[in-house]
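For reference, the chains in residue letters:
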Amino acid sequence: MTGPDHRPRPRAALAMAHRTARQVLDADVRTRLAALTDIDPDLVLDDLTTPAAHRALADAELLVTGWGCPPLDARVLEAAPRLRAVVHTAGTVRHHITPACWERGLVVSSAAAANAVPVAEYTLAMILLANKRILESARDYRAERRRVDFNDRFPDAGNYRRTVGILSASVIGRRVIDLLRPHDLTVLLHDPFVTDAEARALGAHPVPLPELFARGDVVSVHTPLLPETRGLVSRELLAGLRTGATLINTARGAVVDQDALTDEVMSGRVHAILDVTDPDVLPPGSPLFDCPNVLLTPHIAGSKGGELRRLAELALTEVESYVAGRPFAHPVRPERLARLA
């Protein structure tokens, strides 16, 4: 069968967890995929070693992947001799794109840009609320059941001329900086891969890492978890936070020395807003659950609910580009993969 330009539609397949397919690819999205490609929209491959998977992979030129996609290793690629492209409906491709994919010369697209949108929105909201001292004022109001003089109790509260530190100009970090532009805030940035001129063009002041923590009223972590970034936010850096400062982490829990952070927040000296922890689901006995200086959310900053449709729309656009012979708008380059989440 052919598409509107009379080219044969590429054979495609879905590779992801069944729950992912159900949540991300609704009936309309699957119908549009079927119009663009030769695909069985009801066949979802969550195991690429079965006979059914091998039959689907044998002719597949394009894989549409998502959370729960098994690794596309050399053995899988042997079963998919015609595979040329992967369109991922989520952010990181580290879990399924292997060196064998790059050796094959596959072109890969990711919806990381779409997933960055809600994470940046969450971060912006938390920065503004943290500077407004919402955690503390709500806690005190709940405990005292009366209105107190907010200005006397929190004389430095508010977002006027406060300082926000952004750790890493990742896709999300850059979007957060952009969202902060309309506000009367000083934005600092530390990223060893960004020049001073580039940082200023983004709208941030480049600073060394210790200065970021020493000056920030809020410090927001957007560093991908790599071997060299594990524990990057160390006990020494956390000790350098000014009293009353807030650390926000929407990246990965292991980027932060969690034992050191626990000591700091339990002392009452600083605050933390954590959408990710190490481990990502804390044990029930963790003191962070009951610490009044901590707001824990269950890894919800990324795309959830209706926001999943944004991921699907970006993926559909990339499939359209592939079918039309155009390059991906959101390619993943193997030479940059070492620096990506």
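Quick caveat: nothing in here was measured; it's all calculated off a predicted structure.

Enquirer: How do you make sense of the overall build of the protein chain when you look at a structure like this?
Expert: Scanning the protein chain for helices and strands turns up 14 helices and 12 strands. With the principal axes as the frame, the protein chain shows a C-alpha extent of 75 × 45 × 35 Å. Residues counted as buried form 49% of the 341 residues belonging to the protein chain. Sequence separation of 24 or more characterises 64% of the internal contacts of the protein chain that already satisfy a separation of 6 or more. Here the protein chain has roughly 16,600 Å² of accessible surface; of this, 53% comes from carbon and sulfur atoms. Charge separation in the protein chain, taken as the distance between the mean sites of 40 positive and 42 negative side-chain charges, equals 3 Å.

Enquirer: Even after reading the chapter, I still don't get the sheet that holds strand β4 (residues 85-88), so can you show me in this structure?
Expert: Sheet strands pair by backbone hydrogen bonding; their relative direction is either parallel or antiparallel. Strand order in the open sheet made by the five strands is β2-β1-β3-β4-β5, with parallel pairing throughout. Two strands lie at the open edges of the sheet, namely β2 (44-45) and β5 (107-109), each paired on one side alone. In the sheet, β4 pairs with β5 via three bridges, with the strands oriented parallel. Note that in β5 the partner of valine 86 across the bridge is valine 108. Where helix α14 (residues 308-323) meets the sheet, it contacts β3 (62-65), β4 and β5, and its direction lies at approximately 160° from that of β4.

Enquirer: Explanation requested: unusual backbone geometry in the structure shown.
Expert: Residues other than glycine predominantly adopt negative phi, and peptide bonds predominantly adopt the trans conformation. At the junction of aspartate 278 and proline 279, the peptide bond is cis and its omega measures out at 0° in the coordinates. Assignment of secondary structure puts proline 279 in the loop between β11 (271-274) and β12 (294-296). Even without being glycine, arginine 145 reaches a positive phi, approximately 55°. Its place among the elements puts arginine 145 in the loop between α7 (134-144) and α8 (150-153). A positive phi angle is found at histidine 299, which is not glycine, with a value near 55°. Positionally, histidine 299 belongs in the loop between β12 and α14.

Enquirer: Please explain the sheet that holds β12 as it appears in this structure.
Expert: Strands sit in the order β8-β7-β6-β9-β10-β11-β12 across an open sheet of seven strands; the sheet is parallel. Edge positions in the sheet fall to β8 (205-206) and β12, since each of these pairs with one other strand and no more. In this structure, strand β6 (residues 162-167) lies alongside strand β9 (residues 218-221), joined through four bridges in parallel fashion. What sits directly across from isoleucine 166, in β9, is serine 220. Relative to β11, helix α13 (residues 258-266) is tilted by about 130°, and along the sheet it contacts β10 (246-249), β11 and β12.

Enquirer: I would appreciate a short explanation of the side chain of aspartate 191 in the present structure.
Expert: Considering the arrangement of structural elements, one finds aspartate 191 in the loop between β7 (185-190) and α10 (196-202). For aspartate 191, a relative accessible area of 14% gives the class buried. Of note is the side chain of aspartate 191, whose polar atom sits 2.7 Å from the backbone nitrogen of alanine 169. Here aspartate 191 is in contact with Ser168, Ala169 and Ser170, once residues within four sequence places are set aside.

Enquirer: Looking at this structure, how should I read the UniProt feature "domain: D-isomer specific 2-hydroxyacid dehydrogenase catalytic" (unreviewed entry) in the protein chain?
Expert: On the UniProt side, "domain: D-isomer specific 2-hydroxyacid dehydrogenase catalytic" (unreviewed entry) is annotated at positions that read residues 46-332 here. Counted over residues 46-332, helix gives 38% and strand 14%. Its end C-alpha atoms are 22 Å apart.

Enquirer: Please clarify how the UniProt feature "domain: D-isomer specific 2-hydroxyacid dehydrogenase NAD-binding" (unreviewed entry) in the protein chain should be interpreted in this entry.
Expert: Listed under "domain: D-isomer specific 2-hydroxyacid dehydrogenase NAD-binding" (unreviewed entry) in the UniProt record, and renumbered for this structure, are residues 124-301. Helix makes up 34% of residues 124-301 and strand 16%, whereas the separation of the span's terminal C-alpha atoms amounts to 11 Å.

Enquirer: Any chance you could explain the pattern of salt bridges here in plain terms?
Expert: When charged atoms on two side chains of opposite charge get close, those side chains can pair. Tallied over the full model, the rule gives 18 salt bridges. Two residues, arginine 82 and aspartate 59, come together in a salt bridge whose shortest N-O distance is 3.5 Å. Of this pair, arginine 82 sits in the loop between α4 (74-78) and β4 while aspartate 59 sits in the loop between α3 (51-58) and β3, and the two are 23 residues apart along the sequence. Residue classification places aspartate 59 among the partly exposed residues on the basis of a relative accessible area of 38%. The shortest N-O distance in the salt bridge between arginine 153 and glutamate 144 comes to 2.8 Å.

Enquirer: Would you explain the packing of helix α2 (residues 27-36) against α14 in this entry?
Expert: In helix packing, the relevant descriptors are the interaxial angle and the interaxial distance, both defined with respect to the helix axes. At a closest axis distance of 10 Å, the pairing of α2 and α14 adopts a crossing angle of 5°. Taken together, the axes of α2 and α14 are roughly parallel relative to one another. Of the residues in α14, those in contact with Asp28, Val29, Arg32, Leu33 and Leu36 of α2 are Arg309, Ala312, Glu313, Leu316, Val319, Glu320 and Val323. Of the residues that constitute the contact of α2 with α14, the class distribution is seven nonpolar, no polar and five charged.

Enquirer: Can you help me understand the environment of arginine 200 in this one?
Expert: Within the fold, arginine 200 resides in helix α10. Residue class for arginine 200 comes out exposed when judged on its relative accessible area of 53%. In sequence terms arginine 200 and alanine 27 are 173 residues apart; their C-alpha atoms lie 44 Å from each other.

Parameters at a glance
- Residues numbered from 1 in each chain as written.
- Predicted model: local features only at pLDDT ≥ 70, side-chain atom pairs only at ≥ 80, totals over all residues.
- Heavy atoms only, no water.
- Helix = DSSP H or I, 4+ residues; strand = E, 2+ residues; numbered from the N terminus.
- Buried < 20%, exposed > 50% of the residue type's maximum accessible area, 1.4 Å probe, protein only.
- Contact = heavy atoms within 4.5 Å.
- Areas by Shrake-Rupley, 256 points an atom, 1.4 Å probe, with all protein chains shown as cover.
- Lys, Arg positive; Asp, Glu negative; His and termini not counted.
- Charge placed at Lys NZ, Arg CZ, Asp CG, Glu CD.
- Pairing = 2+ DSSP bridges.
- Axes fitted to C-alpha atoms, helices over the stretch in contact; angles between N-to-C directions.
- Polar contact = N/O pair within 3.5 Å; in protein donor to acceptor, adjacent residues only side chain to side chain.
- UniProt positions renumbered as here; feature names shortened; annotations may be inferred.
- Salt bridge = Lys/Arg side-chain N within 4 Å of Asp/Glu carboxyl O.
- Parallel < 35°, antiparallel > 145°, perpendicular 65-115°, else oblique.
- Nonpolar A, V, L, I, M, F, W, Y, C, P; charged D, E, K, R; others polar.

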